Amino acid sequence: MGQTTVRSFVRRLRRRPDGPDVANPWRKKPLADNLTAYLELMLEHTRETTTAGRPRLLLVAEALGFKGGGETGIPLSSPALLRSCKHPFIETLRPHLALVPEGGSEATATIAWECFARLGLTPLVWNAFPFHPHQIARMHSNRAPRAAELREGIDWLRRLDQLVTTHSTPMMVAGVGRKGTLAAQAAFPEREVVALRHPSYGGKAEFERGLRLLMSRLDTVDPAR
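About the cut-offs
Residues numbered from 1 in each chain as written. Predicted model: local features only at pLDDT ≥ 70, side-chain atom pairs only at ≥ 80, totals over all residues. Heavy atoms only, no water. Helix = DSSP H or I, 4+ residues; strand = E, 2+ residues; numbered from the N terminus. Rg over C-alpha atoms; globule rule 2.2 N^0.38 Å. Buried < 20%, exposed > 50% of the residue type's maximum accessible area, 1.4 Å probe, protein only. Contact = heavy atoms within 4.5 Å. Core = buried A, V, L, I, M, F, W, Y, C linked by side-chain atoms within 4.5 Å. Pairing = 2+ DSSP bridges. Right-handed = clockwise from strand over helix to strand, strands pointing away. Salt bridge = Lys/Arg side-chain N within 4 Å of Asp/Glu carboxyl O.

A. Geometry of the overall build of the protein chain. Across its full length, the protein chain holds nine helices and six strands. Relative to its length of 225 residues, the protein chain is compact, with a C-alpha radius of gyration of 16 Å against a globular reference of 17 Å. Here the C-alpha coordinates of the protein chain stretch approximately 50 × 40 × 35 Å along the principal axes. Per-residue burial for the protein chain yields a buried fraction of 52% across its 225 residues. Sequence-distant contacts, at least 24 apart, represent 70% of the contacts inside the protein chain between residues at least 6 apart.

B. Here's a closer look at the environment of P88. Looking at the secondary structure, you find P88 in helix 5 (residues 88–93). Judged by relative accessible area, which is 54%, P88 ranks as exposed.

C. Inspection of the nonpolar core at higher detail. Of all hydrophobic cores here, the largest spans 66 residues; its most connected members are F9, W26, Y38, L39, F116 and W126. Element by element, the count of residues in this core is highest for helix 2 (residues 29–52), at eight residues. Dropping the residues within four chain positions of it, W126 is found in contact with F9, L13, W26, L35, L58, L59, V60, A61, P75, W156, L157 and L160.

D. Expanded view of the pairing of strand 6 (residues 193–196). In terms of strand pairing, strand 5 (residues 172–176) meets strand 6 through four bridges, oriented parallel. What sits directly across from V173, in strand 6, is V193. With respect to chirality, the unit in which strand 5 leads through helix 8 (residues 177–187) into the neighbouring parallel strand 6 is right-handed.

E. Molecular detail of the pattern of salt bridges. Inspection of the entire model under this criterion finds 16 salt bridges. We note a salt bridge from D18 to R27, for which the minimum N-O separation is 3.8 Å. Judged by relative accessible area, D18 falls into the partly exposed class, the value being 45%. Overall, R27 belongs to the partly exposed group, its relative accessible area being 42%. For R143, the salt bridge is made with E149, and the minimal N-O distance between the two is 2.6 Å.

Function-wise, these values are silent; they only describe arrangement.
Here it is in structure tokens:
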């Protein structure tokens, strides 16, 4: 396998066909361009934080939703969040994005990025199943990824990790919720995966506590180890 670049990674994602109950938003060029801009800026941020002494963090959530990444092409985001979020990373990314004018918001993404902003944290976010699983003939719906889809997602997680490791040493992986954690553990059996509470359905405070504990560990990990 040759060296993975952001653009080759996104090209490969774009080739994945839609299914009767799975949408691939990156088949739309503006959303593929959004993902490219996100990953390129994130890798630049990764180089800076690693140089500064803090290992990078890969955060694995579940899947794209129709109000969120399905409309933006960026995991754990929504059009409303990308238009208004005050996190410095999002503010830097915003001019490079194509956003639908009246796109909606997604609660989990909003909660997560509010926490990231309070904590001064910029994780690389990906999903256990990177595409948008939905009900058949109901594009504006969400469903949980199936076991076979999560197995497919493991390959994408490993490809993403290969991409990132060309820029920095991977040090810490965390899963958001049960599916995100199990997918990260399956993709990276040789690494510790920290389990975080899903921030929705009353989990916001526990999610933030988990992130604070994780940050204290990031600050004590030796980046040269």
